[in-house]
Amino acid sequence: MAIFLLVIQSILGVIINSFMCGAILAKISRPKKRAKTITFSKNAVISKRGGKLCLLIRVANLRKSLLIGGHIYGKLLKTTVTPEGETIILDQVNIDFRVDAGNENLFFVSPLTIYHVIDKNSPFYEMSAETLLQHDFELVVFLDGTVEATSATCQVRTSYIPEEVLWGYRFAPIVSKTKEGKYRVDFSNFGKTVEVETPHCAFCMHNKKDAQAKLNQGYDNLAFVVSEIPEAPENNETKM
């Protein structure tokens, strides 16, 4: 009986040590150059998407292993002057990026095009196609995720300056479908852009929409006065 308990104890000890060693190796191991397998487009583009003016960036995962819980966001670094007259160098402004499927838990089965809506709350709202290069800023984009194999966290980042932002362009199609029903990704078009018709500023685009909405509703002219016109006599004969 004592020998049987000793054997059971030895087997359990080996199993526990194996689990402990595996857990330690999973925590301390790091994927080699994992961040370099996430690539961003060389340029960011500004064009219309879904009826809104947006800043778009393309991102792709070059490995078959997925990133779990991927989250993407941005920071705009620029110099600002407060109402009190204080100059803040490298002031950080949050930039929210979206994906049509949601900006949480990104599914990198194919390259994704992320976009930032240029609305009245966006720092790009006051920029235009003519004045974009006159601004001094750097857009830093972050991608956080967890490596599927080792559960290790991974962060990738890139940045864009005004010369790398193309106004009036969109990305060329990259995903196609073969006759056999399979999807194919053409990475030769990953960074290619196509010129498209785009409003020259977000401010003008929003004003045009408001003006068209008011035009459809009509206006009341407060200076207009209704005057009664006397009815003509029934007898149309003229008296001489």
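Residues numbered from 1 in each chain as written. Predicted model: local features only at pLDDT ≥ 70, side-chain atom pairs only at ≥ 80, totals over all residues. Heavy atoms only, no water.

For the protein chain, the name recorded in an unreviewed UniProt entry is ATP-sensitive inward rectifier potassium channel 1, with Staurois parvus as its organism. Turning to the protein chain, the UniProt record has this under Subcellular location (unreviewed entry): "Membrane". You can read under Sequence similarities (unreviewed entry) in the UniProt record for the protein chain the words "Belongs to the inward rectifier-type potassium channel (TC 1.A.2.1) family." (UniProt positions renumbered as here; feature names shortened; annotations may be inferred.)

**Q** Could you clarify how one ought to interpret the pairing of strand β7 (residues 112-117) in this entry?
**A** Each regular strand shows side chains that alternate between the opposite faces of the sheet. The buried fraction of β7 is high, at six of six residues. Across six bridges, strand β3 (residues 52-61) lies against β7 in antiparallel orientation. Bridging from a neighbouring strand, V59 pairs with L112 of β7. (Buried < 20%, exposed > 50% of the residue type's maximum accessible area, 1.4 Å probe, protein only. Helix = DSSP H or I, 4+ residues; strand = E, 2+ residues; numbered from the N terminus. Pairing = 2+ DSSP bridges.)

**Q** Help me understand unusual backbone geometry in this model?
**A** Excluding glycine, residues mostly carry a negative phi; peptide bonds, for their part, are mostly trans. Here L90, not a glycine, exhibits a phi torsion of approximately 60°, which is positive. As for its placement among the helices and strands, L90 is situated in strand β5 (residues 87-95).

**Q** Sorry, what's going on with the pairing of strand β2 (residues 44-49) here?
**A** The sheet contact formed by β2 and strand β10 (residues 165-167) spans three bridges and is parallel. From the neighbouring strand, V45 faces β10, where its bridge partner is L166. Summarising the sheet, β2 and β3 pair through five bridges and their orientation is antiparallel. Residue I46 lies in a different strand from β3, and its bridge partner there is L55. A loop of two residues connects β2 with β3, the two strands running antiparallel in sequence, and G50 in this loop sits at a positive phi of about 65°.

**Q** Mind showing me how you'd approach the environment of E130 here?
**A** Here E130 lies in the loop between β7 and β8 (137-147). In the structure, E130 is positioned 71 residues away from C201 in sequence and 8.8 Å away in space, judged by C-alpha atoms. One polar contact links E130 to H200, side chain to side chain, over a distance of 2.7 Å. (Polar contact = N/O pair within 3.5 Å; in protein donor to acceptor, adjacent residues only side chain to side chain.)

**Q** Help me understand the nonpolar core, please; the structure alone is not making it clear to me.
**A** Within soluble globular proteins, side chains that are nonpolar generally end up buried alongside one another. Core analysis: the biggest nonpolar cluster contains 35 residues, and F40, L55, I57 and L139 have the highest contact counts within it. Per element, the largest residue contribution to this core is five residues, and it comes from β8. If we ignore the near neighbours within four places in the chain, the residues touching L139 are L55, I57, K75, L76, I95, F97, F124, T158, S159 and Y160. With six residues, the next largest nonpolar core counts V45, L56, Y115 and V117 among its residues. (Core = buried A, V, L, I, M, F, W, Y, C linked by side-chain atoms within 4.5 Å. Contact = heavy atoms within 4.5 Å.)

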